[in-house]
Amino acid sequence: MKILVINGPNLNLLGEREKDNYGEITLEKINEELKNLAKELQVEIDFFQSNTEGSIVDKIQNAKGIFDGIIINPAAYTHTSIALRDAILAVKIPTIEVHLSNIHSREEFRKYSYTAPVCIGQIAGFKKDSYLLGLRAIVNHLKEC
Ligand code: DQA
């Protein structure tokens, strides 16, 4: 089983950016924890981060036939990107959306997600644990398929 973890814009700045919302942890450290959990769950895992919408669309398209599941934090593109939503729909790879912060308790514009309706589900508000819960959830989902 191969899982792809995609992170959108500005998530490369975790650790120095808006610590109240996102915690102190860096993306590198989150990925390290995900790698350890993947080993425990006996699945393969790969990582991709980009600040560019088109590069994320390309990555999702190219994931077809290679990855069985996707965990995505689309960051600000969550609230703007029909292109990401269409890419997830097009490849039909089971996808889980994650957010560090609880997007439903923040500004009004963060409450709507273009991508969540085409995902299996959304995990938000648990800081780095959103990713770890997301990995457990996608693996369980794929095992049940
Ligand atoms: C985020 C929430 C988004 O609204 C924001 O633009 C981000 C991070 C989160 O993980 O909480 O960059 O996706």
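For the structure, see preceding data.
This report concerns the structure included in the present document. All values reported here derive from a predicted model rather than from experimental measurement.

Okay, the pattern of salt bridges next. Per the stated rule, a full pass over the model turns up nine salt bridges. For the salt bridge of Arg136 with Glu40, the shortest nitrogen-to-oxygen distance reads 3.8 Å. In this pair, Arg136 sits in helix α5 (residues 129-144) while Glu40 sits in helix α2 (residues 27-41), placing the two residues 96 residues apart along the sequence. With relative accessibility at 39%, the residue Arg136 sits in the partly exposed group. Looking at Glu40, the relative accessible area reads 56%, which means it is exposed.

Between helix α3 (residues 53-62) and helix α4 (residues 82-91), the least distance of the axes is 9 Å, while the angle of their chain directions is 5 degrees. The angle between the axes of α3 and α4 places the two elements in the roughly parallel class. Facing Glu53, Ile56, Val57, Ile60 and Gln61 of α3, the residues of α4 in contact are Ala83, Leu84, Ala87, Ile88 and Val91. The class makeup of the residues in the contact of α3 with α4 is eight nonpolar, one polar and one charged.

Conventions adopted
Numbering of residues begins from 1 in every chain and follows the order in which that chain's sequence is written. Under the rules for a predicted model, residues below a pLDDT of 70 receive no local features and side-chain atom pairs below 80 are neither given nor counted, while totals for whole chains, interfaces and linings still include all residues. To get the side-chain values, take all heavy atoms of the structure and skip hydrogens and water. A side-chain nitrogen of Lys or Arg and a carboxyl oxygen of Asp or Glu constitute a salt bridge if their distance falls within 4 Å. Numbering of helices and strands runs from the N terminus, with a helix taken as a DSSP run of H or I at least four residues long and a strand as a DSSP run of E at least two residues long. For every residue, the accessible area obtained with a 1.4 Å probe (protein chains only) is divided by the maximum for its type, and the residue is called buried under 20%, exposed over 50%, and partly exposed between those limits. Angles shown run from 0 to 180 degrees and are taken between the N-to-C directions of axes, each axis being a line fitted to C-alpha atoms and, for helices, limited to the stretch in contact. Our angle categories are set so that under 35 degrees counts as roughly parallel, over 145 as roughly antiparallel, 65 to 115 as roughly perpendicular, and the remainder as oblique. Note on contacts: a residue pair is in contact if any heavy atoms of the two residues lie within 4.5 Å. Residues are grouped as follows: Ala, Val, Leu, Ile, Met, Phe, Trp, Tyr, Cys and Pro are nonpolar; Asp, Glu, Lys and Arg are charged; every other residue, Gly included, is polar.

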